[in-house]
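Tertiary structure, described
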Amino acid sequence: MKKSLHEYTIKEALEAYLHIDHKDEKLAEIEVLNVWEQFVSAETVRQTMKTYVKNGVLYLQIYSPALKNDLRMQSSVLISKINAKIGNEVLKEIVFL
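Keep in mind that this is a model prediction, so the values were computed, not measured.

Quick look at the sheet that holds strand β2 (residues 57-62)
- Spatially, the three strands line up as an open sheet ordered β1-β2-β3, and their pairing is mixed. Strand pairing shows two members of the sheet lacking a second neighbour, β1 (48-54) and β3 (93-96), which therefore form its edges. Adjacent strand axes in the sheet meet at a mean angle of 20°, parallel and antiparallel pairs treated alike.
- In the sheet, β2 pairs with β3 via four bridges, with the strands oriented parallel.

Some remarks on helix α4 (residues 65-86)
- Remark: the principal bend of α4, roughly 60°, maps to Q74.
- Looking only at α4, the buried set comprises L67, K68, L71, S75, L78, I79, I82 and N83.

Notes on the side chain of T48
- One can find T48 in strand β1.
- Classification of T48 by relative accessible area gives buried; the value is 12%.
- Ignoring any residue separated from it by four or fewer positions in sequence, one finds T48 in contact with W36, L60, Q61 and I62.

As for the pattern of salt bridges
- Within this structure, the stated rule accounts for one salt bridge.
- Where R46 meets E43, a salt bridge forms, and the shortest distance between an N and an O atom there is 2.8 Å. Here R46 pairs with E43, and both are found in helix α3 (residues 42-47), just three residues apart, close to one helical turn.
- R46 gets classed as exposed once you look at its relative accessible area, which sits at 56%.

Examining the side chain of E29
- Of note, E29 is situated in helix α2 (residues 23-39).
- Aside from chain neighbours lying at most four places away, what touches E29 is V53, K54, N55, G56 and V90.

As for the confidence of the model for the chain
- On average, residues of the chain carry a pLDDT of 84, and 80% of them reach 70 or more.
- Per-element averaging of pLDDT across the chain places helix α1 (residues 10-20) at the bottom with 66 and β3 at the top with 95.

Details of the pairing of β3
- Here β3 shows one buried face, formed by I94 and F96, and one open face, formed by E93 and V95.
- What joins β2 to β3 is α4, and the crossover it makes is right-handed.

The rules behind the values
Residues numbered from 1 in each chain as written. Predicted model: local features only at pLDDT ≥ 70, side-chain atom pairs only at ≥ 80, totals over all residues. Heavy atoms only, no water. Pairing = 2+ DSSP bridges. Helix = DSSP H or I, 4+ residues; strand = E, 2+ residues; numbered from the N terminus. Axes fitted to C-alpha atoms, helices over the stretch in contact; angles between N-to-C directions. Bend = angle between axes of the 7 residues up to and from the residue. Buried < 20%, exposed > 50% of the residue type's maximum accessible area, 1.4 Å probe, protein only. Contact = heavy atoms within 4.5 Å. Salt bridge = Lys/Arg side-chain N within 4 Å of Asp/Glu carboxyl O. pLDDT = per-residue confidence, 0-100. Right-handed = clockwise from strand over helix to strand, strands pointing away.

Here is the structure:
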């Protein structure tokens, strides 16, 4: 059966709605936070005081200077893994506060 000009699947309609106000970008940033915790240890999550994403940058405030340095050295690998898991180049940088 052929679709008329104004027929959309639910998926198409939701994607169009999310794209209008850049809500898709905000959801992707939330997904970065969820995926971040999958790639680091539980101890790293406990040592992290604050996490947020803004404009493709993951900001992390970490208690331990040694852990912060270790994560800084692994940041390019973490960025690649997180983006691969999400399926989009959402994360561009990790900044340690």
